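Results of the structural survey
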Amino acid sequence: MILCCGEALIDMIPTPTLAGPEGFVPHVGGAIFNTAIALGRLGIPTGMLTGLSTDMFGIQLAAALKASHVDTSRAVVSNRPTTLAFVQLNGGQATYNFVDEGSAGRMLTPVDMPTLTTDVSALYLGGISLASEPSADAYIALLKAEGAQRPVMIDPNIRPGLVDNIPAYRSRLEGAIGLADLVKVSDEDLEWLVPGPSSLKSKATALLELGPDAVILTRGAEGATGYLKSGAEVQIPAVRAKVIDTVGAGDTFNAGVLAHLFDAGELTKMTVSGITPETLQSAIEYGAKVAAITISRAGANPPWRSEVG
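Another point: the sheet that holds strand 4 (residues 46-49). If you trace the nine strands from one edge of the open sheet to the other, you get 6-4-1-10-11-12-13-14-15, paired in mixed fashion. Looking at the sheet topology across the chains shown, the edges are occupied by strand 6 (70-71) and strand 15 (233-236). Sheet topology places strand 10 (residues 122-126) next to strand 11 (residues 152-155); four bridges connect them, and they run parallel. From the neighbouring strand, Gly-126 faces strand 11, where its bridge partner is Asp-155. On the sheet, helix 3 (residues 135-146) packs against strand 1 (2-5), strand 4, strand 10 and strand 11 and is oriented at approximately 155° with respect to strand 10.

Its 12 residues place the ends of helix 2 (residues 56-67) 17 Å apart at the C-alpha level, agreeing with the 16 Å of an ideal helix rising 1.5 Å per residue. Burial in helix 2 covers these residues: Phe-57, Gly-58, Leu-61, Ala-64 and Leu-65. Down the axis of helix 2, the sector holding all buried residues measures 125°, keeping them to one side. For helix 2, exposure combined with an orientation more than 90 degrees from the buried face picks out Met-56, Ile-59, Lys-66 and Ala-67. Capping the start of helix 2, Asp-55 holds a side-chain oxygen 3.1 Å from the backbone nitrogen of Phe-57, two or three residues further along.

To continue, consider the packing of helix 1 (residues 31-41) against helix 7 (residues 249-263). The interhelical angle for the contact between helix 1 and helix 7, taken along N-to-C directions, is 45°, at an axis separation of 8 Å. When the axis of helix 1 is compared with that of helix 7, the two are oblique. As for the relative orientation of helix 1 and helix 7, their crossing is right-handed in sense. Each of Ala-31, Asn-34, Thr-35, Ala-38 and Leu-39 in helix 1 lies in contact with helix 7, whose residues at this interface are Asp-251, Thr-252, Asn-254, Ala-255, Leu-258 and Ala-259. Its residues placed into classes, the contact of helix 1 with helix 7 shows six nonpolar, four polar and one charged.

Here we come to the environment of Leu-116. Examined against the element boundaries, Leu-116 turns out to sit in the loop between strand 9 (93-99) and strand 10. For Leu-116, a relative accessible area of 9% gives the class buried. Along the chain, Leu-116 and Ala-145 lie 29 residues apart, while their C-alpha atoms are 9.3 Å from each other. When neighbours within four sequence positions are excluded, Leu-116 is seen to be in contact with Leu-3, Arg-74, Leu-123, Leu-142, Glu-146 and Arg-150.

Let us now look at the packing of aromatic side chains. Applying the stated rule across the entire model yields three aromatic pairs. Arranged with centres 6.0 Å apart and planes meeting at 20°, the rings of Tyr-96 and Phe-98 form a pair that is stacked. In this structure Tyr-96 comes out as partly exposed when scored by relative accessible area, which is 22%. Above the plane of the ring of Trp-192 lies Arg-170, whose end atom (NZ or CZ) is 4.0 Å from the centre.

Conventions adopted
- Residues numbered from 1 in each chain as written.
- Predicted model: local features only at pLDDT ≥ 70, side-chain atom pairs only at ≥ 80, totals over all residues.
- Heavy atoms only, no water.
- Pairing = 2+ DSSP bridges.
- Helix = DSSP H or I, 4+ residues; strand = E, 2+ residues; numbered from the N terminus.
- Contact = heavy atoms within 4.5 Å.
- Axes fitted to C-alpha atoms, helices over the stretch in contact; angles between N-to-C directions.
- Expected span 1.5 Å × (residues − 1).
- Buried < 20%, exposed > 50% of the residue type's maximum accessible area, 1.4 Å probe, protein only.
- Arc of directions from axis to C-beta.
- Polar contact = N/O pair within 3.5 Å; in protein donor to acceptor, adjacent residues only side chain to side chain.
- Parallel < 35°, antiparallel > 145°, perpendicular 65-115°, else oblique.
- Left-handed = near helix turned anticlockwise from the far one by under 90°.
- Nonpolar A, V, L, I, M, F, W, Y, C, P; charged D, E, K, R; others polar.
- Phe/Tyr/Trp six-rings, centres within 6.5 Å; stacked < 30°, edge-to-face > 60°.
- Lys NZ or Arg CZ within 6 Å of the ring centre and 35° of its normal.

Structural data, given as structure tokens:
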């Protein structure tokens, strides 16, 4: 299975009330959670390693994972509160304000990390779980202990407003990227990771030099580009869709990439280390196809395999 390691939280989505002003409605979410849900719906054997609360929101998250066929046996359950992300939408684009102090997800430590069994064939990490301590240290410890035996994909999905110690966060991300096989970044992520006036291609090359075999750069309506360590490059146009909002789009894209590689028998340490431009292009095209369905409907609502075609 693919084990998704990171945050599961509640997105508080602004919604009109009968009285007139907007209220907030709780929806399951979190970057890593969304990718796990999307993988499960795409029919990929998937598990999730996260901190889950016993509160009403934690129960909601666990039920949603189960409904999308995601294994939760490795989740760490506690009575700490669930992380809340209050969402603001502007023209379909989402920004977030997090309530995360002392949460079930954030307070994971390295001793909470399991020794993985051989049924875990790939790891997926990223999101705010790599930004906030002590959970960030826990997931890095897992990556160091288990990543050498399995292909690893990372999407940093950077939220600068959540970062207290920027130098430490940069160092942690650089270390994680150096241990990864595949890295996906948005153009905003890449500009943050590699500041300065150089081109996006030069910045992506700088990430490749840290160690991954491929870097996938997404640029919204401008499509995606895959950069390989060999110097090869693939360009993929965005799939046309009527945009309702972009919540969960990148997370679903990542699930599509991983699902395609898994189904093709290409998601192993050996095959990813020698990934060809053709294989990477096909995976990115599938990721874009799956993400286009997500942005055509409200919230992080990834499609089931039967909807993708």
